[in-house]
Amino acid sequence: ELFDRASIDAVMKEWHKTLFELPAGLRMAVEMGLISTAQLLRWLRLEAKPNAVRTVARFAPETASRDFVGRLMADPAFLMRLGFEQALTLTAALSYEAGKRGNNFKKEMDLAAVNVTGLLAANAAVVWMLAPTRTFGAPNKFAWQSFLHSLPNHAFDRSGPLRQYTVASRLMGCGVKAAQLSAVGLAIGGGMSLATGALISARKSKDPSWEPSYQQPPLEAMALGMGAHLGLSANFRYQLIAGLDRYMAASLTGLTNAAIGTAVARSLNECIGEPIRLMLTGQPKRGMDWNAA
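Attention here is on the structure that accompanies the text. (Residues numbered from 1 in each chain as written. Predicted model: local features only at pLDDT ≥ 70, side-chain atom pairs only at ≥ 80, totals over all residues. Heavy atoms only, no water.)

## Describing the overall build of the protein
- Within the protein, the regular secondary structure consists of 11 helices and zero strands.
- In terms of its C-alpha atoms, the protein occupies a principal-axis envelope of roughly 75 × 45 × 40 Å.
- Looking at the protein residue by residue over its 293 residues, the buried ones come to 43%.
- In the protein, the share of contacts with a sequence separation of at least 24, taken over all contacts with a separation of at least 6, comes to 73%.
- On the protein, roughly 15,300 Å² of surface is accessible, and the fraction owed to carbon and sulfur atoms is 66%.
- Taken as two groups, the 31 positive and 22 negative side-chain charges of the protein have centres that lie 2 Å from each other. (Helix = DSSP H or I, 4+ residues; strand = E, 2+ residues; numbered from the N terminus. Buried < 20%, exposed > 50% of the residue type's maximum accessible area, 1.4 Å probe, protein only. Contact = heavy atoms within 4.5 Å. Areas by Shrake-Rupley, 256 points an atom, 1.4 Å probe, with all protein chains shown as cover. Lys, Arg positive; Asp, Glu negative; His and termini not counted. Charge placed at Lys NZ, Arg CZ, Asp CG, Glu CD.)

Below, the structure written as C-alpha cells:
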C-alpha cells in the first residue's frame, strides 16, 4: 500500500477523477495522507458501477454509510465474510431447532424463528463490530468519542499514518469491544426471551395443556448468558479469527487459499461457539430431550 501523494494522484488520473469529486471525509483523508492507493481503488471500484453495495453506501444514513464504506475499504472481503458467517449461523440454528422440536418443528415455527433471528442478529453484530474499518471525517462531539475512534476494532488491526496502535491501545480496544458486545448480547438475549415468552403465553391462552418441545431459560439467564457469550466467548474467538485472516492474507499465495483458510477457521469456530452459548444461556444441548427427562 502506498500513501504518497504522487501515487494517489496517479490513481485519480487513471480513473479520470479529481480530488474535488471525492466525498468531503474521503477528500480530507487523502489530503492528510491517511488513504492508501489500495483503499482508494476499493472506493473507486465501489462507485464505478450501479449495484446493491453502492446503493446502500449512497442512501443509508450518513453514519451508517460511512461505517459501511469504511469496512469495505479496510477489507474488500468484508461482505463475503459476513455472508459466510450468516450462512453458518443460519444452518446451525435451523438444524438445532429442527433436532430439538422434531415433528413439532412446523407447528412451532414461530418459536424457532425468534431464536434463529436472534442468533443471526448476534452474529452480525459480532462480525460488524470487530471488522477493521477506515472511517474518516466522523464528527466527534466529546473527547471520549475521539478516544474510542482511535482504538482498533480488533487486536490485530493494521496500523497506518496517524493511526499507530500500541499494545496498550490494542488491549483497550479488546476491553471496549467486550463491554459493547456484552450490552448487545444482553439486549438480544432479553429480546429473544421476551418474544418467546409472549408467543408461549399466547398459545397457552388458547390451549392451557400445550407445552413447547423444550423449555426456554428464564429472562435473566438468557440475557446474562447471551451477554457473556458475545462479550467474552465470541469476542475472544473472533479477535483470533481477525488475526488469522490478516496473517493468511499476507502469507498465503492467492485469494482462493486465504478464502478457504478463513472458511475452515470460521466453521470450526461455529462448532466451538455453539456449545459454549448453550451452556451460558442454560439451553439444552443438541440431542437432549427435556420433555422426556
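Past the structure itself, the notes keep going.
## A look at the side chain of His229
- Mapped onto the fold, His229 is located in helix H10 (residues 219–251).
- Apart from the residues within four sequence positions on either side, His229 is in contact with Ala234, Asn235, Arg237, Gly273, Ile276, Arg277 and Leu280.

## Looking at the nonpolar core
- Counting residues in each nonpolar core, the largest one holds 39 residues, and the members touching the most others are Leu22, Ile35, Leu40, Trp43, Val126, Met226 and Tyr238.
- Broken down by secondary-structure element, the contributors of at least two residues to this core are helix H1 (5–14), helix H2 (24–31), helix H3 (37–48), helix H5 (62–74), helix H6 (78–101), helix H7 (109–130), helix H9 (167–206) and H10.
- The element contributing the most residues to this core is H7, with eight residues.
- Those residues in contact with Met226 that lie beyond four places of it in its chain are Leu119, Ala122, Gly185, Ile188, Gly189, Arg277 and Thr281. (Core = buried A, V, L, I, M, F, W, Y, C linked by side-chain atoms within 4.5 Å.)

## A few points about the packing of H1 against H3
- Across the interface, H1 lies against H3 with an axial gap of 10 Å and an inter-helix angle of 20°. Classified by the angle between their axes, H1 and H3 sit roughly parallel to one another. Crossing hand, H1 versus H3: right-handed. Contacts from Ser7, Ile8, Val11 and Met12 of H1 reach H3 at Thr37, Leu40, Leu41 and Leu44.
- The residue inventory of the contact of H1 with H3, partitioned by class, reads six nonpolar, two polar and no charged. (Axes fitted to C-alpha atoms, helices over the stretch in contact; angles between N-to-C directions. Parallel < 35°, antiparallel > 145°, perpendicular 65-115°, else oblique. Left-handed = near helix turned anticlockwise from the far one by under 90°. Nonpolar A, V, L, I, M, F, W, Y, C, P; charged D, E, K, R; others polar.)

## Some remarks on the packing of H6 against H7
- Orientation of H6 relative to H7, taken along the N-to-C sense of each, is 155°, at an axis distance of 9 Å. The angle between H6 and H7 falls in the class roughly antiparallel. By crossing handedness, the relation of H6 to H7 is classed as right-handed. Counted together, Phe78, Leu82, Glu85, Gln86, Thr89, Leu90, Ala93, Leu94, Glu97 and Arg101 of H6 and Leu111, Ala112, Asn115, Val116, Leu119, Leu120, Asn123, Ala124, Val127 and Trp128 of H7 form the full contact between these two elements.
- For the contact of H6 with H7, the per-class residue count stands at 13 nonpolar, four polar and three charged.

## Some details on unusual backbone geometry
- Unusually for a residue other than glycine, His16 sits at a positive phi of about 55°.
- Along the chain, the position of His16 falls in the loop between H1 and H2.

## What to know about the packing of aromatic side chains
- If you walk through the whole model with that rule in mind, you get two aromatic pairs.
- Plain terms: the ring middles of Phe78 and Trp128 are 5.9 Å apart, the flat faces sit at 65° to each other, and that makes the pair edge-to-face. Residue Phe78 is located in helix H6, and its partner Trp128 is located in helix H7; the two are separated by 50 residues in the primary sequence.
- In this structure, Arg71 is placed above the aromatic ring of Trp128, and the distance from its NZ or CZ to the ring centre is 4.1 Å. (Phe/Tyr/Trp six-rings, centres within 6.5 Å; stacked < 30°, edge-to-face > 60°. Lys NZ or Arg CZ within 6 Å of the ring centre and 35° of its normal.)

## Some remarks on H5
- For H5, spanning 13 residues, the distance from its first C-alpha to its last is 18 Å, which sits close to the expected 18 Å at 1.5 Å a residue.
- Among the residues of H5, those classed as buried are Ser65, Arg66, Phe68, Val69, Gly70, Arg71, Leu72, Met73 and Ala74. (Expected span 1.5 Å × (residues − 1).)

## Focus: the pattern of salt bridges
- A complete count under the given rule lists 12 salt bridges for this structure.
- Between Glu97 and Arg101 there is a salt bridge; the shortest N-O distance is 2.7 Å. A residue pair is termed a helical-turn pair when its members lie 3 or 4 positions apart in one helix, as Glu97 and Arg101 do in helix H6 at four residues. The exposure classification of Glu97 matches that of Arg101, with both residues buried. (Salt bridge = Lys/Arg side-chain N within 4 Å of Asp/Glu carboxyl O.)

## Section: the environment of Gly225
- One can find Gly225 in helix H10.
- We classify Gly225 as buried; its relative accessible area is 3%.
- Between the C-alpha atom of Gly225 and that of Ile276, which follows or precedes it by 51 residues, the distance is 9.7 Å.
- Not counting chain neighbours up to four residues away, the residues in contact with Gly225 comprise Glu220, Leu280 and Thr281.

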